[in-house]
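Geometric and topological summary
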Amino acid sequence: MKLTVFNGSPRGMGSNTKILMEHFLNGYSETGGEGAKIEYLVRTQEHGKYAGMFRDSDTVILAFPLYTDSMPGIVMAFIEALAPFKGKCAGKKVGFIVQSGFPEAVHSSFIPMYLEKLCKRLGCGYLGTVIRGGVEGIQVMPPSMTKKLFAEFHALGAYFGKNTAFDPEVKARLANPFRFGIVMRFVLRLMGALGLMNFFWNMQLKQNKAFDKRFDKPFEKQGV
Ligand SMILES: Cc1cc2nc3c(=O)[nH]c(=O)nc-3n(C[C@H](O)[C@H](O)[C@H](O)COP(=O)(O)O)c2cc1C
């Protein structure tokens, strides 16, 4: 199988997507998956070349972070570069991995509908979309906190190397929690009421000497 992985994060080599896909590809190569290529969509000047790679690959995984409930602009631009292949991708299999900052998978749950439709338009096989929330902090978390997540991506890759499919069980575990339960929602509401939810953002504002300006509305029309 000729697999190409496209990393759709604007952070490119410094991205969480890269870290997760490294674990995926370690598992993939252990189970006979070979010759995987990884390309970074942040190199937008290469999109023409990448579109050609998409056309020539048997199997493609497009992995990207959730941006404002959708996809980064560079992912959209890449998808638009695939327009010439509409209806011409028979035999190709395409899967997607979407990871987000907010912990609940529900935030990404609308994306698979779009991605499935995309595959239909291209005429290729749709391998499904793996969703994972709560990824933002992985680069600053201690290894004990990321061990399980990385092991799941390794297992996902190992299954993919053998079956050219996403393991339904690992996929289901990664999409957990879909929504927080009632207790967690209550705790979060309480934290919000106590102002604790703003702690991290306030710290960033202070570090950037912007705390006093946090309620500014620079684009508000004056005198209306
Ligand atoms: C501009 C921007 C928009 C974002 N929008 C969302 C969002 O709508 N929902 C969410 O859960 N996370 C959102 N995030 C968080 C990213 O999805 C999250 O940090 C992800 O792990 C980043 O992955 P990367 O390092 O591979 O780019 C956003 C981050 C940025 C920078």
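Check the entry above for the structure.
Before going into details, it helps to say that this report is about the structure given with it. Worth saying up front: this structure is predicted, and the values here are computed from it rather than measured.

**Section: the overall build of the protein**
- Helix and strand counts for the protein stand at eight helices and five strands.
- Here the C-alpha coordinates of the protein stretch approximately 55 × 45 × 30 Å along the principal axes.
- Going through the 224 residues of the protein one by one, you find that 40% of them count as buried.
- Counting only contacts in the protein whose residues sit at least 6 apart along the sequence, the fraction spanning at least 24 positions is 77%.
- For the protein, the accessible area works out to roughly 13,200 Å², and carbon and sulfur atoms hold 58% of it.
- Counting 29 positive and 18 negative side-chain charges, the protein places the centres of these two groups 3 Å from one another.

**Here we look at helix H7 (residues 182-193)**
- Over its twelve residues, H7 runs 17 Å from end to end, which matches the ideal 16 Å to within 8%, given 1.5 Å per residue.
- Gly195 sits one or two residues past H7 and shows a positive phi near 80°.

**With respect to the environment of Val94**
- With respect to the secondary-structure elements, Val94 resides in strand E4 (residues 93-99).
- Overall, the relative accessible area of 2% leaves Val94 in the buried class.
- Once the C-alpha coordinates of Val94 and Gly33 are considered, the two residues, 61 residues apart in sequence, prove to be 16 Å apart.
- Aside from chain neighbours lying at most four places away, what touches Val94 is Phe54, Val60, Cys119, Cys124, Gly125, Tyr126, Leu127 and Gly128.

**Topic: the packing of aromatic side chains**
- Across all of its chains, the model carries eight aromatic pairs by this definition.
- Considering the side-chain rings of Phe24 and Phe160, the 5.6 Å spacing of their centres and the 55° angle between planes classify their relative orientation as tilted. Highlighted residues: Phe24 in helix H1 (residues 16-30) and Phe160 in helix H5 (residues 143-163), separated in sequence by 136 residues.
- The exposure class of Phe160 is buried, given its relative accessible area of 0%.
- Between Phe54 and Phe78 the ring centres are 6.5 Å apart and the planes differ by 80°, which places this aromatic pair in the edge-to-face class. Here Phe78 lies in helix H3 (residues 73-81) and Phe54 lies in helix H2 (residues 47-56), a separation of 24 residues in the sequence. As far as the burial class goes, Phe54 and Phe78 line up, both buried.
- An aromatic cluster of three or more residues is present, and its members are Phe6, Tyr50, Phe54 and Phe78.
- Taking the ring centre of Phe211 as reference, the NZ or CZ of Lys206 above it sits at 4.7 Å.
- The aromatic ring of Phe211 is capped on one face by Arg214, whose charged end is 3.9 Å from the ring centroid.

**Observations concerning the site of the ligand**
- Contacts to the ligand come from 16 residues, most closely from Ser9, Thr17, Leu66, Gln99 and Glu136.
- In this structure, an oxygen atom belonging to the ligand sits 2.8 Å away from a main-chain N or O atom of Phe102.
- With the chains in place, 80% of the 650 Å² that the ligand exposes on its own is no longer accessible.
- Class assignment for the residues of the shell around the ligand results in five nonpolar, eight polar and three charged.

**A word on a nonpolar patch on the surface**
- A cluster of nonpolar side chains, Ile182, Val183, Met184, Phe186, Val187, Leu190, Met191, Leu194, Leu196 and Met197, forms an exposed patch at the surface whose accessible area comes to about 980 Å².
- Its place among the elements puts Met184 in helix H7.
- Looking at Met184, the relative accessible area reads 39%, which means it is partly exposed.

**Some details on the environment of Glu169**
- Locating Glu169 in the fold gives a position in helix H6 (residues 168-174).
- Of the residues examined, Glu169 reaches a relative accessible area of 57% and is grouped as exposed.
- Once the C-alpha coordinates of Glu169 and Glu80 are considered, the two residues, 89 residues apart in sequence, prove to be 32 Å apart.

**Considering the nonpolar core**
- Within the largest apolar cluster, 27 residues are counted, with the highest numbers of intra-cluster contacts made by Phe6, Leu41, Phe54, Leu62, Phe64 and Leu122.
- Of all the elements in the fold, those that place two or more residues in this core are H2, strand E3 (59-65), H3, E4 and helix H4 (111-122).
- It is H4 that contributes the most residues to this core, five residues altogether.
- Ignoring anything within four residues of it in the chain, the contact list for Phe64 reads Gly8, Thr17, Ser70, Met71, Pro72, Val75, Ile97, Val98, Gln99, Ile111 and Leu115.
- Judged by nonpolar contacts, the second largest core, of 21 residues, contains Ile61, Val135, Leu149 and Leu156.

Procedures and definitions
Residues numbered from 1 in each chain as written. Predicted model: local features only at pLDDT ≥ 70, side-chain atom pairs only at ≥ 80, totals over all residues. Heavy atoms only, no water. Helix = DSSP H or I, 4+ residues; strand = E, 2+ residues; numbered from the N terminus. Buried < 20%, exposed > 50% of the residue type's maximum accessible area, 1.4 Å probe, protein only. Contact = heavy atoms within 4.5 Å. Areas by Shrake-Rupley, 256 points an atom, 1.4 Å probe, with all protein chains shown as cover. Lys, Arg positive; Asp, Glu negative; His and termini not counted. Charge placed at Lys NZ, Arg CZ, Asp CG, Glu CD. Expected span 1.5 Å × (residues − 1). Phe/Tyr/Trp six-rings, centres within 6.5 Å; stacked < 30°, edge-to-face > 60°. Lys NZ or Arg CZ within 6 Å of the ring centre and 35° of its normal. Near = heavy atom within 4 Å. Polar contact = N/O pair within 3.5 Å; in protein donor to acceptor, adjacent residues only side chain to side chain. Nonpolar A, V, L, I, M, F, W, Y, C, P; charged D, E, K, R; others polar. Patch = residues over 30% accessible without salt bridge, like charges linked within 9 Å, V, L, I, M, F, W, Y side chains within 5 Å. Salt bridge = Lys/Arg side-chain N within 4 Å of Asp/Glu carboxyl O. Core = buried A, V, L, I, M, F, W, Y, C linked by side-chain atoms within 4.5 Å.

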